[in-house]
Amino acid sequence: AVMKICNDYCNQYPELNRDIVIIGAFLHDIGKLKSYQYNTIINMTDEGRLHGHTMIGYHKFIDCFSYEGIEIESDEKQRELMKVIGHIILSHHGDNYLPIAPQTSEAIAVSSADNLDASIRHLQLYLENSKDNWSIYDNLKGKMYYKSRI
């Protein structure tokens, strides 16, 4: 969903580097693979709780550019790509989260697409279980959600 939203953003804002936005959207949550254990019940790993999926994802991304701890030779363009894509991974939770806020147009696009997707999915989960037009109270967000009959 984040990639689809980002694709729409790139259509709306042609000055965005589509390649950077789409690969950033593809990789933004890569750290979740090591942040959660998934057998029959999904639980966070110790590393996931202590480091968070953004930092784990960033390190996983950077590790792709080394072989057994030895950095692979890269040219200036590749180093720039590593820098801006790494920034997207680190900043995709937006201005209010750590480790860093988005500081490029492409990072802002991925962060806002991720936030939009997460917010709507969160709301939908509450509305799915509602018996009338109002959801139960969402303690995390401090509100209830309204489901229109239209």
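Up top is the structure.
This text gives an overview of the structure that appears in the document. (Residues numbered from 1 in each chain as written. Predicted model: local features only at pLDDT ≥ 70, side-chain atom pairs only at ≥ 80, totals over all residues. Heavy atoms only, no water.)

### Observations regarding the overall build of the protein
Note the cut-off: Strands here are runs of E lasting at least two residues and helices are runs of H or I lasting at least four, both read from the DSSP assignment and numbered beginning at the N terminus. Contacts are assigned to residue pairs with any non-hydrogen atoms lying within 4.5 Å of each other.
When its secondary structure is counted, the protein shows six helices and four strands. For the protein, the succession of helices and strands along the chain, N to C, is α-α-α-β-β-α-β-β-α-α. Taken along its principal axes, the extent of the C-alpha atoms in the protein is 60 × 40 × 25 Å. For the protein, long-range pairs separated by at least 24 residues make up 39% of all intrachain contacts whose partners lie at least 6 apart in sequence.

### Some remarks on the pattern of salt bridges
Counted only if it meets this: The term salt bridge refers to a side-chain nitrogen of Lys or Arg lying within 4 Å of a carboxyl oxygen of Asp or Glu. For every residue, the accessible area obtained with a 1.4 Å probe (protein chains only) is divided by the maximum for its type, and the residue is called buried under 20%, exposed over 50%, and partly exposed between those limits.
Counted according to the given criterion, the structure contains four salt bridges. Put simply, Asp29 and Lys32 hold a salt bridge, and the shortest N to O gap is 3.7 Å. Between Lys34 and Glu47 there is a salt bridge, with its nearest N and O atoms 3.8 Å apart. Note that Lys34 is positioned in helix α3 (residues 32–35) and Glu47 in helix α4 (residues 46–63), a separation of 13 residues in sequence. Taking relative accessible area as the criterion, Lys34 reaches 45% and is therefore assigned partly exposed. Overall, Glu47 belongs to the partly exposed group, its relative accessible area being 29%.

### So, the packing of aromatic side chains
Test applied: Two aromatic rings from Phe, Tyr or Trp, using only the six-membered ring of Trp, form a pair when their centres are within 6.5 Å; if the ring planes differ by under 30 degrees the pair is stacked, by over 60 it is edge-to-face, and anything between is tilted.
For the coordinates displayed, the defined rule picks out two aromatic pairs. Where Trp134 meets Tyr146, the ring centres are 5.0 Å apart and the plane angle is 55 degrees; that geometry is what we call tilted. Note that Trp134 is positioned in the segment after α6 (105–128) and Tyr146 in the segment after α6, a separation of twelve residues in sequence. By relative accessible area, which is 43% here, Trp134 ends up partly exposed. You can call Tyr146 partly exposed: its relative accessible area is 46%.

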